[in-house]
Amino acid sequence: MIILGVSAESADPLVDAAEMATEPLIGTMDIFLLGISLGIGVYWFFIRGRSEQSSIDVSSIKMTPTVTSTSSSTGLIEKMKTGGRNAVVFYGSQTGTAEEFAGRLAKDCQRYGMKGMVADPEECEMEDLSKLSDIDNSFAIFCMATYGEGDPTDNSQEFYEWLQEGSVDLTGVRYAVFGLGNKTYEHYNEMGKYVDKRLEELGAERIFEVGYGDDDANIEEDFVTWREKFWPTVCEHFGVEATGEDISIRQYTPVFHDEELPKEKVFVGEAARLGSFNNQRPPYDARNPFLAPVQVNRELHKGGDRSCMHIEFDIRDSKLRYEAGDHVAVYPINDQGLVKRIGELLEADLDTVFSLNNVDEEASKKHPFPCPTSYRTALSFYVDITSHPRTNVLKDIIDYTTDEKDKAKLELLSSSSPEGRLEYNEWVIKDNRNIVAILEDLPSCKPALDHLLELLPKLQARYYSISSSPKTYPNSIHITAVLVEYKTRVGRDAMGVATSWLKEKVPNGPDTPPRVPIYVRKSQFRLPFRPSTPVIMVGPGTGLAPFRGFIQERNHAREEGKTLGDTILFFGCRHQSTDFIYQDELQDYLDNKTLSKMFLAFSRDQEEKIYVQNLMEQNMECVWEALEKGGHIYVCGDARNMAPDVHKVLHKVICEKGGKTDDEAEDYIKKMQTKGRYACDVWS
């Protein structure tokens, strides 16, 4: 059996692919032989080949198609009628959670005598929604995540704009909305609220109250709680009853390729296009990332027990373009120790080549991830094995458990009872158990690996604020990342998927640099057009990252002889001696007048902790003077505490230095936000 994706010896497949890509593809003799082969191939295909079909052994597992994805090639309503479906679940998803919840709701339909489908609004003609009432007992559910500062996700942007136009009559359409958000952000669940309100304004009938999931708390519990109240209401509304069948429904059937496939026919970690690791070609995006060589990977901290990395990606010849303030997406690979451990626990041959095929032949999504591939590659590149498994995953692996105590544990964890929710919160979330830990602690649970791979969520790209400017570094993209490593409260080692992987990407010479799949995601986090406009930047820790690019941009303008407005930085870290990242650079910018002022908060260098928001409060006159000159203020970093505190200080500055009331101050801030003068790039 061939080893694909990641070898048992943990060789880097990205380096292997890059080396293959640089080899000459064809020579003179190859052309001659290729011509002969082509002639034989044409004869075989057209004259003989059609009478012979290759066969693949398909498992005889009973499958029931309950979920499909729709595409614009066939109208939404037509597709629902053809498939006998009366429920459609739309999702607006940035990280995959909303899509996962949509799939679970669509599967639920079968338990209530209905038939559901999942739909990506980006792939639908949403005008068809007005015809949904043509189908008896039909309804739509919208699982809508809010992205950034109250924005729609990428795949729901067109749907959002369509709703804003408001030219459609949705009378007779029944709907419900579940929103996904994070309370640490100012515009909590803005998209869910808007969709719920706007659908009603357009004439649609709300059949259940909008639900809100908080990713800063326990979004799984929020979803399960809403879902359990939702379905009884649906049953009452449509006069149906639950079938009583609480069975595990598989959406994909496994196909095992017992005969070795040619290597070029098997995915080895590519995001979408087969062979893209070996044959790189632009444009590069989420489905076709660029394998960027790592030029630099150096430690920024000067001691202590934490690590912060400065990494530079070479983007020459990639045609990738970026601006200061943009984000770069990094596709990580799961820790090979965890991958190997899953194989050991489930007694599986990780080099088995297989496919997971959608049992619904009409579905546009044929596989949950690129297929065919190997178990090792799927566990390494395609599924998330380090996050907390959701309750539906735990529920579906109960049938693979032989020990009664282990089975009872899973039944409790996956139940919606108060006791079950408490146990899930304590044993899974607070103890930080991933799927590996759960399989270790419940040793009689041995799910089929193909089924487990179907259940686990997709491994998502990680986004980093770019910490460079193309004016200074046109051929490279820089990131600044803190290594995530800690012990769980039960003593297990926990590591960040991306940062622990990036830590090992240290250049070992110009001929074989380590490579990382990346693409650029545009941002609205931008410097003002005129360099003479004052700017205030507030960025503690790695929140400094985009401001390093901003400062480089302003330094470039200064070198061109342009007049700079006040450029003010508020930066903070724990200890000046160890955590002050880019210290020498910042001092040079202060000396050459690119930086007008730099206020520093070293929170743990004195008895009383001092943070950037405290420094802003101590320098309110400086802040107000910049704002009154039309200045912009930017905040980057922690969304839970720092960003709200900065907002409060800003409000105080406007009241005390601007002589405004509380209401006037909030109005002042809202106008700044509307005009792009107050922008945040924060995370929780």
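Here goes a summary of the coordinates provided. (Residues numbered from 1 in each chain as written. Predicted model: local features only at pLDDT ≥ 70, side-chain atom pairs only at ≥ 80, totals over all residues. Heavy atoms only, no water.)

### Thoughts on the pairing of strand 15 (residues 476-482)
Working note: regular strand, side chains alternate between the two faces of the sheet.
Working step 1: The buried fraction of strand 15 is high, at six of seven residues.
Working step 2: One ladder, built from seven bridges, connects strand 10 (residues 308-314) with strand 15; its direction is antiparallel. Bridged to His310 within strand 15 is Thr480. (Buried < 20%, exposed > 50% of the residue type's maximum accessible area, 1.4 Å probe, protein only. Helix = DSSP H or I, 4+ residues; strand = E, 2+ residues; numbered from the N terminus. Pairing = 2+ DSSP bridges.)

### Some points on a negative patch on the surface
Working step 1: Residues Glu122, Glu123, Glu125, Glu127, Asp154, Glu158, Glu161 and Glu165 make up a contiguous surface patch of negative charge.
Working step 2: Looking at where Glu123 falls in the secondary structure, it is placed in the loop between strand 2 (116-119) and strand 3 (139-147). (Patch = residues over 30% accessible without salt bridge, like charges linked within 9 Å, V, L, I, M, F, W, Y side chains within 5 Å. Areas by Shrake-Rupley, 256 points an atom, 1.4 Å probe, with all protein chains shown as cover. Salt bridge = Lys/Arg side-chain N within 4 Å of Asp/Glu carboxyl O. Lys, Arg positive; Asp, Glu negative; His and termini not counted. Charge placed at Lys NZ, Arg CZ, Asp CG, Glu CD.)

### Looking at the packing of aromatic side chains
Working step 1: Throughout the structure, instances matching the rule amount to 34 aromatic pairs.
Working step 2: Their ring planes at 20 degrees and their centres at 5.1 Å tell us that Phe90 and Phe142 sit as a pair that is stacked. A residue pair is termed long-range when its members are at least 10 positions apart, and Phe90 in strand 1 (residues 87-92) and Phe142 in strand 3 qualify at 52 residues. A single burial state applies to Phe90 and to Phe142, both of which are buried.
Working step 3: A ring pair is formed by Trp624 and Tyr668, whose centres lie 5.7 Å apart and whose planes are at 40 degrees; its orientation type is tilted. Separated by 44 residues along the polypeptide, Trp624 in helix 20 (residues 620-628) and Tyr668 in helix 22 (residues 662-674) bring together distant segments of the chain. Like Tyr668, Trp624 is buried.
Working step 4: Aromatic ring contacts, followed pair by pair, group Phe101, Tyr112, Phe139, Phe178, Phe208, Phe223, Trp226, Phe230, Trp231 and Phe238 into a single cluster.
Working step 5: One cation-aromatic arrangement involves Arg433 over Trp427; the distance from NZ or CZ to the ring centre is 3.9 Å.
Working step 6: The ring of Tyr463 carries the charged tip of Arg521 above its face, separated from the ring centre by 3.6 Å. (Phe/Tyr/Trp six-rings, centres within 6.5 Å; stacked < 30°, edge-to-face > 60°. Lys NZ or Arg CZ within 6 Å of the ring centre and 35° of its normal.)

### Notes on helix 22
Working step 1: Helix length check: helix 22, at 13 residues, gives a terminal C-alpha distance of 18 Å against a target of 18 Å (1.5 Å per residue), a fit within 8%.
Working step 2: Regarding helix 22, the residues found buried are Ala665, Tyr668, Ile669 and Met672. Taken around the axis of helix 22, the buried residues stretch over an arc of 95 degrees, which confines them to a single face. Counted as exposed and oriented over 90 degrees from the buried face of helix 22: Asp663 and Thr674.
Working step 3: Buried residues along helix 22 sit in contact with helix 20, strand 22 (632-638), helix 21 (642-658) and strand 23 (678-683).
Working step 4: At the C-terminal side of helix 22, Gly676 shows a positive phi close to 75 degrees. (Expected span 1.5 Å × (residues − 1). Arc of directions from axis to C-beta. Contact = heavy atoms within 4.5 Å.)

### What about the sheet that holds strand 15?
Working step 1: Strand order in the open sheet formed by six strands is 14-11-18-9-10-15, with antiparallel pairing between adjacent strands. Because the sheet does not close on itself, it has two edges, and the strands there are strand 14 (462-465) and strand 15. The average undirected angle you get between the axes of adjacent strands in this sheet is 40 degrees. (Axes fitted to C-alpha atoms, helices over the stretch in contact; angles between N-to-C directions.)

### With respect to the sheet that holds strand 12 (residues 353-358)
Working step 1: Read across the sheet, three strands follow the order 8-12-13 without closing on themselves; strand pairing throughout is antiparallel. Taken across any chain shown, the strands that pair with only one partner, and hence form the sheet edges, are strand 8 (252-256) and strand 13 (373-374).
Working step 2: Examined bridge by bridge, strand 12 and strand 13 share two bridges and lie antiparallel to one another. If you follow Phe354 over to strand 13, its bridge partner there is Thr373.

### Description of unusual backbone geometry
It is generally the case that most residues other than glycine have a negative phi and that most peptide bonds are trans.
Working step 1: For the bond from Pro282 to Pro283, the omega torsion is 5 degrees, close enough to zero to count as cis.
Working step 2: Mapped onto the elements of the fold, Pro283 is located in the loop between strand 8 and strand 9 (290-299).
Working step 3: The omega torsion across Cys371 and Pro372 is 0 degrees, close enough to zero to call that bond cis.
Working step 4: Checked against the element boundaries, Pro372 lands in the loop between strand 12 and strand 13.
Working step 5: The backbone phi angle of Tyr582 is positive, close to 55 degrees, even though this residue is not glycine.
Working step 6: Within the fold, Tyr582 resides in the loop between helix 17 (576-579) and helix 18 (583-591).
Working step 7: Taking the relative accessible area as the measure of exposure, Tyr582 reaches 6% and is therefore buried.

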